[in-house]
Amino acid sequence: MKTKIIVVLGPTAVGKTAMGIALAQKFNGEIISGDSQQVYEELSIGTAKASQEEQAQAPHYLIDVRSVNQSYSAYDFVQEAGQKIEEITGRGHVPILVGGTGLYLQSLLEGYHLGGQLDQTALLAYRKELDALSDEVLFGNWKNLDKIWSIKSQPMKRC
């Protein structure tokens, strides 16, 4: 059986936050931010984060979970949002994704392959291969780039 999720997607300042809160209150829901910038604590101006008052009206997740000095990717979002969805549905509540970062939401909902972890043995071999190449080869031999970039990533589990 598929997990039922409500998605509120759109550009900044169209009322997604208010709609998400109204849906959460009506359907016993909890909100997961689907915005690539709202994850950063220091980026409150310009990201239209739900205010403390708005967040008090319904549980919100994936807001202020990283510092701007830390990386956050679509892969991180898929992993963390997937975990939140499981937790929310485990409580018998409805997950509500609210945000404007289409890549994040599509990656989660449609199962885009995002790379995951690289095979460390292949990565070390790749680095040794690059270290052995001269600048002329690295920058001048564009016809053979497909031979230089030959790392294979491990298959990723779908959420």
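From a predicted model like this one, the values you see are computed outputs, not experimental measurements. (Residues numbered from 1 in each chain as written. Predicted model: local features only at pLDDT ≥ 70, side-chain atom pairs only at ≥ 80, totals over all residues. Heavy atoms only, no water.)

> I'd love a proper account of unusual backbone geometry, names of residues and values included.
Here alanine 13, not a glycine, exhibits a phi torsion of approximately 70°, which is positive. Mapped onto the elements of the fold, alanine 13 is located in the loop between β1 (6-9) and α1 (16-27). Accessibility expressed as a relative area gives 75% for alanine 13, which makes it exposed. For asparagine 28, which is not glycine, the phi dihedral falls at a positive 55°. Inspection of the secondary structure assignment puts asparagine 28 in the loop between α1 and β2 (29-33). (Helix = DSSP H or I, 4+ residues; strand = E, 2+ residues; numbered from the N terminus. Buried < 20%, exposed > 50% of the residue type's maximum accessible area, 1.4 Å probe, protein only.)

> So what's going on with the pairing of β2? Which residues, and what values?
Within β2, five of the five residues are buried, which leaves it mostly tucked inside the rest of the structure. Neither face of β2 is left uncovered, since the one carrying Gly29, Ile31 and Ser33 and the one carrying Glu30 and Ile32 both have all their residues buried. The pairing of β2 with strand β3 (residues 60-61) spans two bridges and is parallel. Across the sheet, isoleucine 31 pairs through a bridge with histidine 60, a residue of β3. Note that the unit made of β2, helix α2 (residues 52-57) and β3 has a crossover that is right-handed. (Pairing = 2+ DSSP bridges. Right-handed = clockwise from strand over helix to strand, strands pointing away.)

> Tell me about the confidence of the model for the protein, and please be specific about residues and values.
Of the residues in the protein, 77% have a pLDDT of 70 or more, and the chain-wide mean is 81. Note on residues 148-159: pLDDT is under 50 here. Beyond four places in sequence and across chains, it has 31 contacts. (pLDDT = per-residue confidence, 0-100. Contact = heavy atoms within 4.5 Å.)

> So what's going on with the pattern of salt bridges? Residues and values would help.
Under the counting rule described, the total for this entry stands at four salt bridges. For arginine 91, the salt bridge identified is with glutamate 30, shortest N-O distance 2.6 Å. Of this pair, arginine 91 sits in the loop between α3 (74-90) and β4 (94-99) while glutamate 30 sits in strand β2, and the two are 61 residues apart along the sequence. The class for glutamate 30 is buried, based on a relative accessible area of 2%. Its salt-bridge partner being lysine 49, residue aspartate 64 comes within 2.3 Å of it at the nearest N-O pair. Placement of aspartate 64 in the loop between β3 and α3 and of lysine 49 in the loop between β2 and α2 is noted, with a sequence separation of 15 residues between them. Classification of lysine 49 as buried rests on a relative accessible area of 14%. (Salt bridge = Lys/Arg side-chain N within 4 Å of Asp/Glu carboxyl O.)

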